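# Residue-level structure breakdown
What follows is the residue order along each chain.
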Amino acid sequence: MKSLSVIFISATAAVLAGCATASAPVNGVFYSSVKGGILATEAYGGSARGEACATSILGAIATGDASIDAAKKNGGIAQVVAVDHSSESILGFYAKYCTIVYGKRGSSKAAAASNSEG
């Protein structure tokens, strides 16, 4: 009975240890909340900001759309100036990754033209 308890505890610890992680420049074992840059263009200006996130619970369930395109749509951005990301992870139980896009606002026609050109 004692060996069965040890096996169960070991298996549970192995399954739960660090399963939910998010990409980051640096990671903390217990907690991390990090921001980092991904891309900057030569375009100038733009005060619009769009964000798109994905989350993971225990590394077993992951949902969301953290794509640049989703962040552009969420911010109404037609021309991207810069792209950053943020990530947060708590004890391997919960992780969140967000793509943050900065740029110039535009109409949906301008955004569609920008997508077809790129």
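Right above here is the structure, for reference.
Residues numbered from 1 in each chain as written. Predicted model: local features only at pLDDT ≥ 70, side-chain atom pairs only at ≥ 80, totals over all residues. Heavy atoms only, no water.

## Brief notes about the sheet that holds strand 1 (residues 31–40)
Heads up, the rule is: Paired strands, in this sense, are two strands between which DSSP finds at least two bridges. By the criteria applied, helices consist of DSSP H or I runs no shorter than four residues and strands consist of E runs no shorter than two, each listed in order from the N terminus. Where helices are involved, their axes are fitted lines through C-alpha atoms of the stretch in contact, as for all axes, and angles between N-to-C directions lie from 0 to 180°. By definition in these notes, contact holds between two residues if any of their heavy atoms fall within 4.5 Å.
Sheet architecture is open: five strands sit in the order 1-4-5-2-3, paired in antiparallel fashion. What marks the edges here is a single partner per strand, and that holds for strand 1 and strand 3 (61–64). Taking the axes of each pair of neighbouring strands and ignoring which way they run, one obtains an average angle of 15° across the sheet. Its contacts with the sheet place helix 2 (residues 68–75) against strand 2 (48–57), strand 4 (77–90) and strand 5 (94–105), and it is angled at close to 130° to strand 2.

## A few points about the state of the cysteines
For clarity, the threshold we go by: Sulfur atoms of two cysteines make up a disulfide when they are within 2.5 Å.
Counted under the stated rule, the structure contains one disulfide. A sulfur-sulfur separation of 2.0 Å characterises the disulfide bridge that pairs C53 with C98. Taking the torsion about the sulfur-sulfur bond, which here is approximately 105°, the covalent link between C53 and C98 counts as right-handed. Of this pair, C53 sits in strand 2 while C98 sits in strand 5; the two residues are 45 residues apart in sequence, bridging distant segments of the chain.

## Overview of the pairing of strand 2
Across 10 bridges, strand 2 lies against strand 5 in antiparallel orientation. Residue pairing for strand 5: I57 is matched across the bridge by Y94. Where strand 2 lies against strand 3, four bridges are found, and the strand directions are antiparallel. The residue bridging A54 from the neighbouring strand is G64, located in strand 3.

## Considerations on the pattern of salt bridges
It is possible for side chains bearing opposite charge to pair when their charged atoms get close. Keep this limit in mind: Note on definitions: salt bridges are taken to be side-chain nitrogens of Lys or Arg within 4 Å of carboxyl oxygens of Asp or Glu. Accessibility here uses a 1.4 Å probe with only protein chains present; expressed as a share of the type maximum, an area under 20% marks a residue as buried, one over 50% as exposed, and anything in between as partly exposed.
Counted under the stated rule, the structure contains two salt bridges. The salt bridge partner of E51 is R49, with a shortest N-O separation of 3.0 Å. By relative accessible area, E51 is classed as partly exposed at 31%.

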